[in-house]
Structures are given as structure tokens and as C-alpha cells.
Amino acid sequence: EPEVTQTPSHQVTQMGQEVILRCVPISNHLYFYWYRQILGQKVEFLVSFYNNEISEKSEIFDDQFSVERPDGSNFTLKIRSTKLEDSAMYFCASNWGEGHNEQFFGPGTRLTVL
Amino acid sequence: GEDVEQSLFLSVREGDSSVINCTYTDSSSTYLYWYKQEPGAGLQLLTYIFSNMDMKQDQRLTVLLNKKDKHLSLRIADTQTGDSAIYFCAEGRTGRRALTFGSGTRLQVQP
């Protein structure tokens, strides 16, 4: 069964460093998403991406964040200058975009900013 | 703004039914979802219900929706130890891609 994959599973970085989180969505899906979950808090929407551009973003998704689909299979989330409060589990998701909005999630990348 | 609330923890004995509750505030919610998260895994969609439905049954899972009270529940019949996980309620709206999640209910099934 096709699934969303994410790498790495755990990333440790120093405050101020740039990180890139990688995702491979399900191959025939058209919409891609990033969510995050700070430990003990809710899963929060960051951004959705369709047709090579951002279709929707939340207040969390400020200028420090960017997304890219560098090729036909990968979808990345870049955090330019990490802060302590960026420590969280980051989930990638994808779907067709048609009909109801069932989103298929990857296993997540745990980001730890020291 | 929209908000989704869930109780944090539920403990049941194997073979009993589990009922996980969720409340939401956005009256324009169109779709309501239940996701399951096992340790180290992503969010797995269990089932969903459209806001114009009252109930949906899928094998051991029954979803009840009270739109007037904005209350959603997930009943798991004959709960097994493999059902131990965190269960997230989420809501979505037509024309909006983002899902709004609750904080998750940790279900512990005791043998």
C-alpha cells in the first residue's frame, strides 16, 4: 500500500541553524501539507501546497519557513534559522484534493533545537 | 475561530467498548475525521463522517455526530490491546485545505 515517507526520523540542530525536512508524498497525489505537533500540544496546520505554489498557510508559517517541491517526488520544509520553540514533531501529508479532504500522513520527523 | 477539544485519557478493559468524545466549535465544519496514532507512526485515518450525517458504522467503529451540540464520538466495540493508541478528532471545511485537530485522546486497553 502506498504511503507517505519522511526523513530523517529525528533531527537535532543548534539554534540559528537551517534545517530541511524531507517528505515523499504518495506518488499520484496533488496536494501536500506540513503540520507540526509541539510536545503535549495539538497538531497544528502549517501550510498546503498545490501546483507548485502555496495554497494556504497558517500564522505559524512565517518568513522563517519555506516549502519546495524540488523534483517530481520530494516535498521539503525549510526552517531558515531555527529557534528553541521550533522543536516539535513535523508531519507531512498528501492527498488527491478532490472530494472530501482525507489526508494521508507520514510518520513524522522529530526536530530538536538545542 | 475554530477549536476542537478532546479528553486526554481513557482506560478500558479488553473486550469492553470504548467511547472517545470530541467537541468542535466551527458550525461550518463539513467533514469530521478520526485519526489513530500508534507509537512511532504517523496519523492513520480511521473513519470520517460528513456533517449532514448522524451516524456512520464501519466494522467495530461507530461514529455519532450531534450537529446541534457540535459533539462527535467514536465508539470502538470489543476493544483489543492493539487498539491502544492516541486518537485524534479533526475537522475540515469545504474550500479550506487545513484540518483542525484536537489534542488527542490516549486510549489504554488493559488485558
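Student: I'd like to hear about the interface of chain B and chain A, residue by residue, with values.
Tutor: Each side of the interface is counted separately: chain B has 22 residues, and chain A has 21 residues. Together, the buried faces of chain B and chain A total about 1,700 Å²; carbon and sulfur atoms form 54% of this surface. Area buried by chain B at its contact with chain A is led by L43, R97 and F101 of chain B, which between them contribute 38% of it. Here D3 of chain B makes a salt bridge to K42 of chain A, at a shortest N to O gap of 2.7 Å. Here chain B is connected to chain A by nine residue pairs in polar contact (both at pLDDT 80 or more).

Student: Kindly report on a nonpolar patch on the surface, identifying the contributing residues and their values.
Tutor: Residue and element names in this part refer to chain A. A cluster of nonpolar side chains, namely L30, Y50 and W96, defines an oily patch on the protein surface of about 300 Å² accessible area. With respect to the helices and strands, Y50 occurs in strand β5 (residues 43-50). The exposure class assigned to Y50 is partly exposed, which follows from its relative accessible area of 35%.

Student: Explain the packing of aromatic side chains to me, and be specific about the residues and the numbers.
Tutor: The full count for this structure, using the stated rule, is 19 aromatic pairs over all chains. Each ring, one from Y33 of chain B and one from Y35 of chain B, has its centre 6.3 Å from the other, and the planes form 40 degrees; the classification is tilted. Judged by its relative accessible area of 0%, Y35 of chain B is buried. Ring pairs connect the aromatic residues Y33, Y35, F45, F91 and F105 of chain A together with Y31, Y33, Y35, Y48, F50, F88 and F101 of chain B, which therefore count as one cluster.

Student: Quick rundown of the environment of R97 of chain B? Include the residues and the values.
Tutor: Tracing the chain through its elements places R97 of chain B in the loop between β9 (85-92) and β10 (100-101). For the pair R97 of chain B and D69 of chain B, spaced 28 residues apart in the sequence, the C-alpha separation amounts to 24 Å. Within polar-contact distance, the side chain of R97 of chain B engages the side chain of Y33 of chain A at 3.0 Å.

The rules behind these values
Residues numbered from 1 in each chain as written. Chains lettered and ligands numbered in written order. Predicted model: local features only at pLDDT ≥ 70, side-chain atom pairs only at ≥ 80, totals over all residues. Heavy atoms only, no water. Contact = heavy atoms within 4.5 Å. Buried area = accessible area lost by both parts, 1.4 Å probe. Salt bridge = Lys/Arg side-chain N within 4 Å of Asp/Glu carboxyl O. Polar contact = N/O pair within 3.5 Å; in protein donor to acceptor, adjacent residues only side chain to side chain. Patch = residues over 30% accessible without salt bridge, like charges linked within 9 Å, V, L, I, M, F, W, Y side chains within 5 Å. Areas by Shrake-Rupley, 256 points an atom, 1.4 Å probe, with all protein chains shown as cover. Helix = DSSP H or I, 4+ residues; strand = E, 2+ residues; numbered from the N terminus. Buried < 20%, exposed > 50% of the residue type's maximum accessible area, 1.4 Å probe, protein only. Phe/Tyr/Trp six-rings, centres within 6.5 Å; stacked < 30°, edge-to-face > 60°.

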